[in-house]
Amino acid sequence: MILTSEQRDRAAGVLLGAACGDALGVPYEFAAQPSGAPEMVGGGLGPYEPGEYSDDTQMQACVAEVAARGHGLLSELALDGIAVRFMRWYREGASDIGAQTRQVLEAVDAGTSSEMRRAAAAVHRRTGRSAGNGSLMRTGVVALPYLDDVAAMAEAARLVSGLTHFDDLAGDACVLWCSGVRRAVLSARFDGVREGLALLPPDRRDRWAAWLDEAEAAPPDRFSPNGFVVPALQAAWSAIRRTSTLPDGLVAAVRAGDDTDTVAAIAGALLGARHGASAVPPEWRAAVHGWPGLTADDLVDLAVRATA
Ligand SMILES: [Mg+2]
């Protein structure tokens, strides 16, 4: 798909926006809110360097590397590529990791996508719950290879989510958010999240519509705790709908509290898609970095290549 220079800037903002939200939320994850404005001072669970992003963007980088190869994400080969990268990250790069993702990856040996999906299903059977926010936090880049094919985008969002998150609600959230990212890149609008309701099974559309209504009616900190994917999406959506710029949206997302880096990473993918890489403040762009040795320019490059 041939993108205008504006669309290209917005596609470039998806990973960069997520990484900035992640790094901005890192110091406050499961900790007290800052007295002043949040800053990328590092610390947190890693502990992280100033400007360093965490597991959310580390895992999204794994997906982005496969997306950037230009053959989509729907094939078994592509999904295996993501699974192999998740395992390499788990063994070599995971400076912190969500509880549910850990339970799945520690049960995987060879690292094929089918084995990972089986492990995710086993965690669901054992615990009865597998709708954590850990697949939504890495989903934005999944929209980029599918700007011209919304049905394939929805399928890819659900498949990539399902590698670690068996529950349908986690897949639904990824479909809605990718729909939002896709529309934002194409048209600089936020309507795509609600447009995504049409991509969900009919019996779950009303429930998600009501959850979006709730998010629009209340401030982000009403959706805390937000380890469950529904309040995580609601907190991010509330922050986005109550602000008008990328930096303000990310600050509002951090102020949701609890899983601050994840909520802000989720918000950041969509804010970056809407406002573009050019809307990221230069000091954030200079500071943001993380595993596997990526800078802001690398994140921009990966995102643009994923659209090809
Ligand atoms: Mg994190």
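All of these numbers come straight from a predicted model, not from anything done at the bench.

Our focus in this paragraph is the coordination of the magnesium ion. Around the magnesium ion, the donor atoms from the protein are Ser54 (OG), Asp55 (OD), Asp56 (OD) and Asp261 (OD), and they sit 1.9 to 2.3 Å away. Mapped onto the sequence, the residues coordinating the magnesium ion show the spacing S-D-D-x204-D. Residue classification places aspartate 55 among the buried positions, given a relative accessible area of 5%.

Our next topic: unusual backbone geometry. Residue glycine 46 is joined to proline 47 through a cis peptide bond whose omega torsion reads -10°. The topology assignment puts proline 47 in the loop between helix H1 (5-25) and helix H2 (55-67). A cis amide bond links tryptophan 291 with the next residue in sequence, proline 292, at an omega value of 0°. Along the polypeptide, proline 292 turns up in the loop between strand E1 (289-290) and strand E2 (294-295). Even without being a glycine, alanine 188 presents a positive backbone phi close to 55°. Turning to its location among the elements, alanine 188 is positioned in the loop between helix H7 (168-187) and helix H8 (192-195). Positive phi, close to 65°, is recorded for aspartate 258, a residue that is not glycine. Along the chain, aspartate 258 turns up in the loop between helix H11 (246-254) and helix H12 (260-275). For aspartate 258, a relative accessible area of 22% puts it in the partly exposed group.

Turning next to the packing of aromatic side chains. Counted under the stated rule, the structure contains 3 aromatic pairs. Seen from their ring centres, tryptophan 177 and tryptophan 237 are 6.2 Å apart, and the 80° between their planes marks the pair as edge-to-face. Taken together, the positions of tryptophan 177 in helix H7 and tryptophan 237 in helix H10 (residues 229-241) put the pair 60 residues apart, joining distant regions of the chain. Relative accessible area serves as the criterion here: at 0%, tryptophan 177 is assigned to the buried category. Overall, the relative accessible area of 2% leaves tryptophan 237 in the buried class. Centroid distance phenylalanine 190 to tryptophan 237: 6.4 Å. Interplanar angle 85°. Geometry classified as edge-to-face. With phenylalanine 190 in the loop between H7 and H8 and tryptophan 237 in helix H10, the pair connects residues that are 47 residues apart, well separated along the chain.

One pass over the structure, following the stated rule, counts 12 salt bridges. A salt bridge links arginine 117 to glutamate 76; the shortest N-O distance between them is 3.4 Å. Pair noted here: arginine 117 is in helix H5 (residues 113-127) and glutamate 76 is in helix H3 (residues 76-93), with a separation of 41 residues, a long-range link. Measuring nitrogen to oxygen at the nearest pair gives 3.1 Å for the salt bridge that ties arginine 189 to aspartate 191. For aspartate 191, a relative accessible area of 39% puts it in the partly exposed group. When salt bridges with common partners are traced through the structure, they connect Arg158, Asp168, Asp172 and Arg204 into a single cluster.

Right, let's get into the nonpolar core. Among the nonpolar cores identified, the biggest contains 112 residues, and Leu73, Ile82, Met116, Trp177, Trp208, Trp237 and Leu270 are the most heavily contacted of them. Among residues more than four places away in sequence, those in contact with tryptophan 208 are Leu169, Asp172, Ala173, Leu176, Leu197, Leu200, Val230 and Leu233.

Moving on, we come to helix H14 (residues 296-306). Side chains of residues three or four places apart in an α-helix project in the same direction, reflecting 3.6 residues per turn. For H14, the complete set of buried residues consists of Ala296, Leu299, Val300, Leu302, Ala303, Val304 and Ala306. In this structure, the buried side of H14 is in contact with H1, H2, helix H13 (282-287) and E2.

Turning our attention to the layout of surface pockets. In this approach a probe as big as a water molecule rolls over the atoms, and the regions it shows empty are the leftover space. Of the voids in this model, the largest pocket is the one considered here, and its volume is about 520 Å³. Along the wall of the largest pocket there are 28 residues; nearest its centre are Ala99, Gln100, Gly132, Asn133 and Gly227. Those elements that provide at least two residues to the lining of the largest pocket are helix H4 (99-105) and H5. Considering every element that reaches the lining of the largest pocket, the biggest residue donor is H4, with 4 residues. Tallied by class, the residues present in the lining of the largest pocket amount to 9 nonpolar, 13 polar and 6 charged.

Bringing the side chain of asparagine 226 into the picture now. Among the secondary structure elements, asparagine 226 is positioned in the loop between helix H9 (202-217) and H10. Assessed through its relative accessible area of 0%, asparagine 226 is described here as buried.

What counts and how
- Residues numbered from 1 in each chain as written.
- Predicted model: local features only at pLDDT ≥ 70, side-chain atom pairs only at ≥ 80, totals over all residues.
- Heavy atoms only, no water.
- Donors = N, O, S within 2.8 Å, 3.2 Å for Na, K, Ca; no water.
- Buried < 20%, exposed > 50% of the residue type's maximum accessible area, 1.4 Å probe, protein only.
- Helix = DSSP H or I, 4+ residues; strand = E, 2+ residues; numbered from the N terminus.
- Phe/Tyr/Trp six-rings, centres within 6.5 Å; stacked < 30°, edge-to-face > 60°.
- Salt bridge = Lys/Arg side-chain N within 4 Å of Asp/Glu carboxyl O.
- Core = buried A, V, L, I, M, F, W, Y, C linked by side-chain atoms within 4.5 Å.
- Contact = heavy atoms within 4.5 Å.
- 1 Å grid on protein atoms, 1.4 Å probe; cavity = no way out; pocket = protein on both sides within 12 Å on 5 of 7 lines; lining within 4 Å.
- Points joined across faces, edges and corners; volume = space filled by probe spheres on them.
- Nonpolar A, V, L, I, M, F, W, Y, C, P; charged D, E, K, R; others polar.

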